[in-house]
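Notes for the structure review
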Amino acid sequence: MRIALVLALSAFAAAPSPADDTLEPLDLRQVKVRGEIGRRLEITLKNNLLVLDAEKDFLPPFREKSRNDGYIGLGKLIDAAVRLAAWSGDEKAIALKKRLVEEVLKAQEADGYPGLMKPQARMWGLWDVHEVQYLAWGLLSDHRFFGEKASLEGARKAADFLLARWGTMPDRWGEKTSVAVDVAVTGLERTMVALHRATGDRRYLDFVLRERALPDWDLGIVIGRRPLIEGHIYAYLSRCLAQLELHRVQPDAKLLAPSRRAVDFLVRSDGLALTGGAGMWEIWTDDQDVRGELGETCATAYQLRVYDSLLRLEGDPRMGDLIERTVHNTLFAAQSPDGRRLRYFAPLEGKREYWPGDTYCCPCNYRRIVSELPQMIYYRTRGGLAVNLYTASEAKTEAGGAALVVRQETDYPNSGKVVLRLDPAAPARFPLRLRVPLWAAGAKAAVNGQAVEGPLRPGTFLEIDREWKVGDAVTLDLPLAWRLVKGRKRQSGRAAVMRGPLVFCLNPSPHKGIANWDGADLSRITLDPASLGEPVPSDAVRPGGLACRVRAWKPSFDLSKRGEMELALTEFPDPDGKATYFRLRDMSAAVDDELLGGGK
Ligand SMILES: [Zn+2]
């Protein structure tokens, strides 16, 4: 057996410019997911997508075509419905996506316009290009997963409408509405690159290269909300993603620069909140204010896509750590535990609000990104298989020239014990790569009970290259201990409680004496690190979830006695969580967030 530890390429170092991905996702339809990620997929499908009222809330404006501005998100809804239908095979989901697609195609005008604006407002009415291009994206998705030719045709007609009208737009038209053009057309370039890749039609590529000058886009990080909202994270990252897609068509190192800059800002310049969220009022921020409008769900979704895209291009396992942290905390906090309600923001301190409806950007982008998670668990790599996310699951792929079924048995993130069962159709030699998270010092692995020698290095992929046969099992043991993570800037002098990828928060309502405290007062509580014991069961967020028992003091002079309160901190997606950072009796017990900084 040859065991090798593979050092990661740094996302920040100059790297070659591959047109081919280092890691490739598996077919969405070949990955079954259980565990909390699987539960989120199920509840997003059954308790959200299948119970929303598309007839009332989504479709009428597209039939009427009488608006001057505004946004619904029908194309995003179609994309999510298509993917969740393809992943689950659920008949109701398939029927829903069919109906949505039929309605869009029926309401599409002869010139290709599929949107909701009256003729005078088309293109420049705020968010029209955004809505129309996502309709093209949703239709293209239907063609990709269900082979529907009419959907591809509808997507092309919608894109052709944009191409034909683009030259007639007034200069700086977005500024009429205080929004920069790059923000007003969020998503446009990625759709055009995808249409080029799906059809081979050069016009879509030329539009991106010439009209949109995508290779030359190199905006810095603009902090703070102001007219033109240029520091818009969702808009920024959607262009990054388009550049990364273009890089796969025609490799060019400069197409990687803004993506690297964005990730660099997040992990080195305090752009990232501990839970994986970013931004205030949708815009880049670096002051670690964790209240209110923190972490737009659209931004979270596009952060995840950029991490995934970089992971595929460069194989840097740090991107996997970022995906995991973000999914289990900020992303899942954007949804009620039963799946029905969704949020626009997921703050770490203070009350969290639900978005009042099912339309608009964040609810639609939430459904989409959840539908993409099955493809962030396993990847094909160098003829073998890489495991990025740990969750009970099963996937079919091929490795070493043989069909392969891989099963992951684990209750992760409750425990760090993962068993991977490999069943190749015939004995086959290939590398199996397992992400060892940066927090997992002391991780161990074994193949068929035989220990893998040498320490496993956190922040790398462990690679096991051998001949695999039916029934082979690999066990991975990731030590899960409590860790107290230091706050930065506005959170300086306080720390948050983590265990593996999970951040814990305080829901005051079950606690006597503090039930009505607000987030600011709760953040003045002092925790006693020495009192942290084993996690206890809690269903506050998910069936079989965990809570953290810890003794604590109310704000006071005297911390010499035993803390008068015993708190049960719950997993960050607790809908009534109001505080995440606390004072510590001994700050030396806290460590830096392992995701920050670049060195290994
Ligand atoms: Zn949004």
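Here's what I pulled together on the structure shown here. Not measured: the values here are computed from a predicted model. (Residues numbered from 1 in each chain as written. Predicted model: local features only at pLDDT ≥ 70, side-chain atom pairs only at ≥ 80, totals over all residues. Heavy atoms only, no water.)

The N-to-C vectors of helix α1 (residues 35-49) and helix α4 (residues 74-88) enclose an angle of 125°; their axes lie 11 Å apart at closest approach. By the angle class used here, α1 and α4 are oblique. Every pair of crossing elements has a handedness; the one defined by α1 and α4 is left-handed. Taking contact as the criterion, the partners of Leu-41, Glu-42, Thr-44, Leu-45 and Leu-49 in α1 are, on α4, Leu-77, Ala-81, Leu-84, Trp-87 and Ser-88. Tallied by class, residues from the contact of α1 with α4 come to 7 nonpolar, 2 polar and 1 charged. (Axes fitted to C-alpha atoms, helices over the stretch in contact; angles between N-to-C directions. Helix = DSSP H or I, 4+ residues; strand = E, 2+ residues; numbered from the N terminus. Parallel < 35°, antiparallel > 145°, perpendicular 65-115°, else oblique. Left-handed = near helix turned anticlockwise from the far one by under 90°. Contact = heavy atoms within 4.5 Å. Nonpolar A, V, L, I, M, F, W, Y, C, P; charged D, E, K, R; others polar.)

For the rest of this paragraph, the subject is the pattern of salt bridges. A pair can form between side chains of opposite charge whenever their charged atoms are brought close. By the definition in use, this model includes 59 salt bridges. Ionic pairing is found between Arg-122 and Glu-109, a salt bridge with its closest N-O pair at 2.8 Å. Of this pair, Arg-122 sits in the loop between α5 (91-107) and α6 (128-146) while Glu-109 is found in the loop between α5 and α6, placing the two residues 13 residues apart along the sequence. By relative accessible area, Arg-122 is classed as buried at 7%. According to the relative accessible area criterion, Glu-109 is partly exposed, its value standing at 30%. Among the salt bridges present, the one from Asp-201 reaches Arg-156, with a minimum N-O distance of 2.4 Å. Of this pair, Asp-201 sits in the loop between α9 (188-199) and α10 (202-211) while Arg-156 sits in helix α7 (residues 149-166); the two residues are 45 residues apart in sequence, bridging distant segments of the chain. For Asp-201, a relative accessible area of 15% puts it in the buried group. Salt bridges here are not isolated pairs; linked through shared partners, they connect Asp-21, Arg-197, Glu-245, Arg-248, Asp-308 and Arg-312. (Salt bridge = Lys/Arg side-chain N within 4 Å of Asp/Glu carboxyl O. Buried < 20%, exposed > 50% of the residue type's maximum accessible area, 1.4 Å probe, protein only.)

Bringing the nonpolar core into the picture now. With 162 residues, the main nonpolar core has Leu-74 and Tyr-378 as its most contacted residues. If we skip the residues at most four places from it in the chain, Tyr-378 touches Pro-25, Leu-26, Val-31, Leu-385, Ala-386, Val-387, Ser-393, Ala-395, Val-406, Gln-408 and Leu-420. In terms of nonpolar packing, the next biggest core, distinct from the first, is built from 22 residues, Ile-525, Leu-527, Cys-548 and Ala-579 among them. (Core = buried A, V, L, I, M, F, W, Y, C linked by side-chain atoms within 4.5 Å.)

Before going further, it helps to spend a moment on the coordination of the zinc ion. Coordination of the zinc ion by the protein involves Glu-296 (OE), Cys-298 (SG), Cys-361 (SG) and Cys-362 (SG), with metal-donor separations of 2.0 to 2.3 Å. For the zinc ion, the 4 donor atoms in the first shell make angles of 102 to 118° at the metal, so the coordination geometry reads as tetrahedral. Between the donor residues of the zinc ion, the gaps in sequence give the motif E-x1-C-x62-C-C. There is no split in this pair, since Cys-361 and Cys-362 are both buried. (Donors = N, O, S within 2.8 Å, 3.2 Å for Na, K, Ca; no water. Tetrahedral: all angles 85-135°; square planar, octahedral: opposite > 155°, others 65-115°.)

Overall, antiparallel pairing links the 7 strands, which are arranged β3-β6-β7-β8-β13-β10-β11 in an open sheet. Bordering the open sheet on either side are β3 (31-33) and β11 (450-451), each of which pairs with just one other strand. Where strand β10 (residues 444-447) lies against β11, 2 bridges are found, and the strand directions are antiparallel. Residue pairing for β11: Val-447 is matched across the bridge by Gln-450. (Pairing = 2+ DSSP bridges.)

Another point: the packing of aromatic side chains. The geometry of an aromatic ring pair comes down to the distance between the two centres and the angle between the two planes. Enumeration over the complete set of coordinates arrives at 13 aromatic pairs. Look at Trp-166 and Phe-207: their rings are 5.3 Å apart centre to centre, the planes differ by 90°, and that puts the pair in the edge-to-face class. Highlighted residues: Trp-166 in helix α7 and Phe-207 in helix α10, separated in sequence by 41 residues. Among the aromatic residues, ring-to-ring pairing joins Tyr-71, Tyr-344, Phe-345, Trp-355 and Tyr-360 into one connected group. Between the NZ or CZ atom of Arg-352 and the centre of the ring of Phe-572, over which it lies, the distance is 4.2 Å. (Phe/Tyr/Trp six-rings, centres within 6.5 Å; stacked < 30°, edge-to-face > 60°. Lys NZ or Arg CZ within 6 Å of the ring centre and 35° of its normal.)

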